[in-house]
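# Observations on the model geometry
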Amino acid sequence: MTDMPSDEPIDDYDPMIYDAMREAANRLRGLYVARQNEAASEQQRQHWLEKQIAVRIEADEVDTYSLNAVQALRASFVARLKAEDH
């Protein structure tokens, strides 16, 4: 038996990886809150609120036993934060 990487969910990865994903989600949501507060119309406010909610749902629904899923979602949040914060 070899120690080959597996796609099987694991639960013994460093918990800081999950925390980093949550922090990235919080930073992205914070940006959306700021945009919501600066919105000039109710339609814009609703848009940013919906984006906040979508990030929360994504973070809540990630498979916490899957290192790959947690890392991929963190990378997605960071990429979106960089794209939005220009």
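You'll find the structure just up there.
Reference entry: report on the structure contained in this document. These figures come from a predicted structure and were not determined experimentally.

The next point concerns the pattern of salt bridges. A full pass over the atoms with the stated rule returns 6 salt bridges. One salt bridge in this structure joins Lys51 and Glu84, with 3.7 Å as the shortest N-O distance. You can see Lys51 sitting in helix α2 (residues 42-61) and its partner Glu84 sitting in helix α3 (residues 67-84), a full 33 residues away along the chain. One salt bridge connects Glu58 with Arg80, and the closest N-O pair in it is separated by 2.9 Å.

What follows concerns the nonpolar core. The tendency in soluble globular proteins is for nonpolar side chains to be buried side by side. Met21, Leu28, Val55 and Phe77 are the most contacted members of the largest nonpolar core, which totals 15 residues. Among the elements that take part in this core, helix α1 (residues 15-38) stands out by supplying 6 residues, more than any other. Excluding anything up to four places from it in sequence, Phe77 contacts Met21, Ala24, Ala25, Leu28, Val55, Glu58 and Ala59.

A word on the packing of α1 against α2. At a minimum axis separation of 8 Å, α1 and α2 run at an interaxial angle of 170°. Considered as vectors, α1 and α2 are oriented roughly antiparallel to each other. From α1, Met21, Arg22, Ala25, Leu28, Arg29, Tyr32, Val33, Arg35 and Gln36 reach across to α2, where they touch Arg45, Trp48, Leu49, Lys51, Gln52, Val55, Arg56, Ala59 and Asp60.

Bringing the packing of α2 against α3 into the picture now. Taken N-terminus to C-terminus, the directions of α2 and α3 make an angle of 160°; their axes are 11 Å apart at the nearest point. Comparing their axes, α3 and α2 come out roughly antiparallel. Viewed along their axes, α2 and α3 form a crossing whose handedness is left-handed. Where α2 approaches α3, its residues Trp48, Lys51, Val55, Glu58 and Ala59 are matched on the opposing element by Leu73, Phe77, Arg80 and Glu84. Residue composition of the contact of α2 with α3, by class: 5 nonpolar, no polar and 4 charged.

With 20 residues, α2 should reach 28 Å at 1.5 Å per residue; the first-to-last C-alpha distance of 28 Å fits that figure. All of the buried residues in α2 are Trp48, Gln52, Val55 and Ala59. The arc enclosing the buried residues of α2, seen along the axis, measures out at 60°, which places them on a common side. Opposite its buried face, α2 presents the exposed residues Glu42, Gln43 and Glu61, each directed more than 90 degrees away.

For the pair formed by Glu84 and Leu31, sequence separation is 53 residues and the distance between their alpha carbons is 8.2 Å. The residues touching Glu84, leaving out its near neighbours within four places in the chain, are Leu31, Tyr32, Arg35, Trp48 and Lys51.

Definitions and cut-offs
Residues numbered from 1 in each chain as written. Predicted model: local features only at pLDDT ≥ 70, side-chain atom pairs only at ≥ 80, totals over all residues. Heavy atoms only, no water. Salt bridge = Lys/Arg side-chain N within 4 Å of Asp/Glu carboxyl O. Helix = DSSP H or I, 4+ residues; strand = E, 2+ residues; numbered from the N terminus. Core = buried A, V, L, I, M, F, W, Y, C linked by side-chain atoms within 4.5 Å. Buried < 20%, exposed > 50% of the residue type's maximum accessible area, 1.4 Å probe, protein only. Contact = heavy atoms within 4.5 Å. Axes fitted to C-alpha atoms, helices over the stretch in contact; angles between N-to-C directions. Parallel < 35°, antiparallel > 145°, perpendicular 65-115°, else oblique. Left-handed = near helix turned anticlockwise from the far one by under 90°. Nonpolar A, V, L, I, M, F, W, Y, C, P; charged D, E, K, R; others polar. Expected span 1.5 Å × (residues − 1). Arc of directions from axis to C-beta.

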